[in-house]
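Here is how the chains run, residue by residue.
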Amino acid sequence: MALVLLVLWLPAELQASPPTRGGQTPGVTWYVKTPQRLVALTFNDGPSPWTPRILAILKAFGDPATFFVLGSQAVKFPAVVRREVLLGMEVGNHTYGHINLAQHSFGQDYRDLQETNQILNGITNTFPTVMRPPYGAYNATVLHAASKTGLRVILWSWTENSGNWKNVPVAGIVARVMRHLQGGDIVLFHDAGNNLGPTLKALPIILKDLRALGYRCVTVSDLLNKMSRHSP
Ligand SMILES: [Zn+2]
């Protein structure tokens with residue numbers, strides 16, 4: 001037991017095994033186990049004035065991504081949400097106004113997710129099937145509300161937090177995404193923030209690197225379909 005604890009307390013870079021990519025909670029997805037070089041890029045908190053520029057880059061590469069949008073932003077930029085769908089992007093639910101669902105009741109969570117689903121359906125004519133809780137914060141109540149709304153709970157691979165919304169320089173964003181990348185990873189970006197200038201430069205580099213390494217970008221739902229196909 002003492003030995004096990006010692007290993008757990010070693011800094012990540014001293015451990016021989018690859019870094020842990022996610023948790024164990026049933027009903028929550030951090031990444032997907034697959035031998036295939038598939039990766040799901042995800043963007044939170046939009047749509048925003050930055051989103052069309054991100055979409056233009058993804059379109060130029062022909063790569064899909066998943067956008068976890070806020071209901072409050074979707075009503076401000078409905079045309080951008082429609083364009084996401086038109087370009088083959090997946091639109092997921094990120095709550096109406098970025099509340100911490102884990103600090104609210106089941107009823108409040110359920111109503112928020114339903115309201116956001118209705119807004120997105122009104123814009124895109126389709127209901128989301130995936131959601132990402134703001135702050136990555138969840139508990140049994142959140143999972144129950146998501147399940148009742150028909151939404152799968154998607155977080156991101158712990159090794160794949162680009163930090164793109166908090167003044168990480170271009171090379172830093174690229175390194176954070178590429179350093180530990182494995183097939184089945186879900187990569188975290190934001191398409192809202194004060195300065196996504198570095199993101200607009202990093203994204204083409206990342207997409208080029210992914211292609212050179214034989215990775216293919218898929219939506220989160222496509223990645224999940226892969227998982228169920230490989231499950232016993
Ligand atoms: Zn968010």
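Everything numeric here is computed off the predicted structure, so don't read it as measured data.

A. Here's a closer look at the nonpolar core. By size, the foremost hydrophobic cluster in this structure holds 57 residues, and its most contacted members are Val-39, Ala-40, Ala-146, Ile-186 and Val-187. It is helix 8 (residues 197-212) that contributes the most residues to this core, five residues altogether. Those residues within four positions of Val-187 in sequence are excluded, and the remaining contacts are Val-39, Ala-40, Leu-41, Thr-42, Trp-156, Ser-157, Glu-160, Ser-162 and Val-177.

B. Just the packing of helix 2 (residues 51-61) against helix 8, in detail. Put simply, helix 2 and helix 8 touch, their axes get as near as 10 Å, and they point 20° apart. Classed by the angle they form, the pair helix 2 and helix 8 counts as roughly parallel. Where helix 2 crosses over helix 8, the two elements pack in a sense that is right-handed. Every residue of helix 8 that contacts helix 2 at Arg-53, Ile-54, Ile-57 and Phe-61 is listed here: Leu-200, Leu-203, Pro-204 and Leu-207. In terms of residue class, the contact of helix 2 with helix 8 is made up of seven nonpolar, no polar and one charged.

C. Quick look at the confidence of the model for the chain. The predicted model of the chain averages 92 in pLDDT, with 90% of residues at 70 or higher. Low pLDDT (under 50) marks residues 1-7, which in the prediction has one contact with non-local residues, meaning those over four places away or in another chain.

D. Seen up close, the pairing of strand 3 (residues 66-69). Covered by surrounding structure in strand 3 are Thr-66 and Phe-68 together with Phe-67 and Val-69, the residues of both alternating faces. For strand 2 (residues 38-44) and strand 3, the ladder comprises three bridges, and the chain directions are parallel. Bridging from a neighbouring strand, Phe-43 pairs with Phe-67 of strand 3. Regarding topology, helix 2 serves as the crossover connection from strand 2 to the parallel strand 3, and that connection is right-handed.

Cut-offs applied
Residues numbered from 1 in each chain as written. Predicted model: local features only at pLDDT ≥ 70, side-chain atom pairs only at ≥ 80, totals over all residues. Core = buried A, V, L, I, M, F, W, Y, C linked by C-beta atoms within 7 Å. Buried ≥ 20, exposed ≤ 12 C-beta atoms within 10 Å, placed from the backbone. Helix = DSSP H or I, 4+ residues; strand = E, 2+ residues; numbered from the N terminus. Contact = placed C-beta atoms within 7 Å. Axes fitted to C-alpha atoms, helices over the stretch in contact; angles between N-to-C directions. Parallel < 35°, antiparallel > 145°, perpendicular 65-115°, else oblique. Left-handed = near helix turned anticlockwise from the far one by under 90°. Nonpolar A, V, L, I, M, F, W, Y, C, P; charged D, E, K, R; others polar. pLDDT = per-residue confidence, 0-100. Pairing = 2+ DSSP bridges. Right-handed = clockwise from strand over helix to strand, strands pointing away.

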